[in-house]
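Reading the structure
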Amino acid sequence: MRHRFPVLETERLVLREPRRSDAELCLAAWGDEETMLYFGTEPLATRAQALEQIRDFRDETSSGEGIRWIITERGRDEYVGDIGFFDYAPDHARAEIGFLLAKPLWKRGLMSEALTATLGYGFSVKNLHRVEALVDPRNAASLRVLERRGFHREGILRDYEFERNAFIDLALLSLLRKEWEARSAPGLSREAAGPRDCSAHRAAGT
Ligand SMILES: CC(C)(COP(=O)(O)OP(=O)(O)OC[C@H]1O[C@@H](n2cnc3c(N)ncnc32)[C@H](O)[C@@H]1OP(=O)(O)O)[C@@H](O)C(=O)NCCC(=O)NCCS
């Protein structure tokens, strides 16, 4: 049986399933050198690569290895970024999170909003116990977004990946379910609350 994709809504955003028609704007974002500086992969160069990326996003969900949402602004159903869980380890109720936002929209609190919704889904719908993130220690924006949502820096994985002809360190961050719940307790800001899941059914996958 095919499950319906879990659309998430926040005040300014709608997070929905990836579509082939997202390829062009995905290419603009994933093809930007500055955006990809600390991302761990080379910028995309062609529409074919962007289509492959969208297909990978969709496969992630259908295979159960994770789930990737396309971030859109409310009222404008087009790609402005993406966010999702991958490397889902069901036996350990653990997954890794990753995200990217198109440069023109940086520093408006949008990824914080998307991250809050996504974490709410992960912890409250998929019952995750731990969410982790691997971040280039030079990526101040990403570290800030995560730490503002309660992630803890656990340490540095030395020479962990070979990127652009050099071994690089990665910072390991994590957020546990109990920490998320403590932040989402009544009386805290609405921002810390979970997402509104607009789907009738839950997605397969993460
Ligand atoms: C990381 C990224 C998603 C942040 O998105 P964003 O929507 O601009 O982030 P927000 O506006 O929600 O900002 C959250 C916090 O980070 C801070 N921040 C944002 N960009 C920053 C930067 N370049 N340097 C330092 N702090 C930054 C904001 O001021 C805010 O802090 P505050 O809550 O104390 O005010 C975006 O910069 C991006 O897509 N980067 C390229 C892709 C990438 O590196 N992804 C992560 C891979 S691990």
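Section: the site of the ligand
In the region of the ligand, 21 residues are neighbours, and Trp106, Met111, Ser112, Ala141 and Arg144 sit closest. Contributions of two or more residues to the shell around the ligand are made by strand E5 (94-101), helix H3 (110-125) and helix H4 (140-148). Looking at the shell around the ligand, the element that brings in the most residues is H4, giving six residues. For the shell around the ligand, the class distribution of residues is 12 nonpolar, five polar and four charged.

So, unusual backbone geometry
The phi dihedral of Asp87 is positive, around 50°, even though this residue is not glycine. Take Asp87: it is sitting in strand E4 (residues 76-89).

Considerations on the nonpolar core
Formed by 44 residues in total, the largest nonpolar core has its most connected members in Leu15, Cys26, Ala50, Ile71 and Ala114. Per-element accounting of this core gives the leading share, eight residues, to H3. Among all residues touching Leu15, those that are not within four sequence positions of it are Val7, Leu8, Trp69, Ile71, Ile83, Ala114 and Ala117.

Structural notes on the confidence of the model for the protein chain
Taken residue by residue, the protein chain gives an average pLDDT of 91. The fraction at 70 or more is 89%. Scored below 50 in pLDDT, residues 189-194 makes eight contacts in the model with residues more than four places away or belonging to other chains. With pLDDT under 50 throughout, residues 197-206 is counted as low confidence; its partners more than four residues away or in other chains account for 35 contacts.

What about H3?
If you check H3, its first and last C-alpha atoms are 22 Å apart, about what 16 residues at 1.5 Å a residue would give, namely 22 Å. Burial analysis of H3 places 12 of its 16 residues in the buried class, which makes it a mostly covered element. Just beyond H3, the residue with positive phi is Asn127, at close to 60°.

So, the environment of Ser174
In this structure, Ser174 sits in strand E8 (residues 166-176). Residue class for Ser174 comes out partly exposed when judged on the 18 C-beta atoms lying within 10 Å of it. Ser174 sits 77 residues away from Ile97 along the chain, and the two C-alpha atoms are 9.6 Å apart. In contact with Ser174, other than residues within four places in its own chain, are Arg130, Val131, Glu132, Phe151, His152 and Glu154.

Quick notes on the rules
Residues numbered from 1 in each chain as written. Predicted model: local features only at pLDDT ≥ 70, side-chain atom pairs only at ≥ 80, totals over all residues. Near = placed C-beta within 6 Å. Helix = DSSP H or I, 4+ residues; strand = E, 2+ residues; numbered from the N terminus. Nonpolar A, V, L, I, M, F, W, Y, C, P; charged D, E, K, R; others polar. Core = buried A, V, L, I, M, F, W, Y, C linked by C-beta atoms within 7 Å. Buried ≥ 20, exposed ≤ 12 C-beta atoms within 10 Å, placed from the backbone. Contact = placed C-beta atoms within 7 Å. pLDDT = per-residue confidence, 0-100. Expected span 1.5 Å × (residues − 1).

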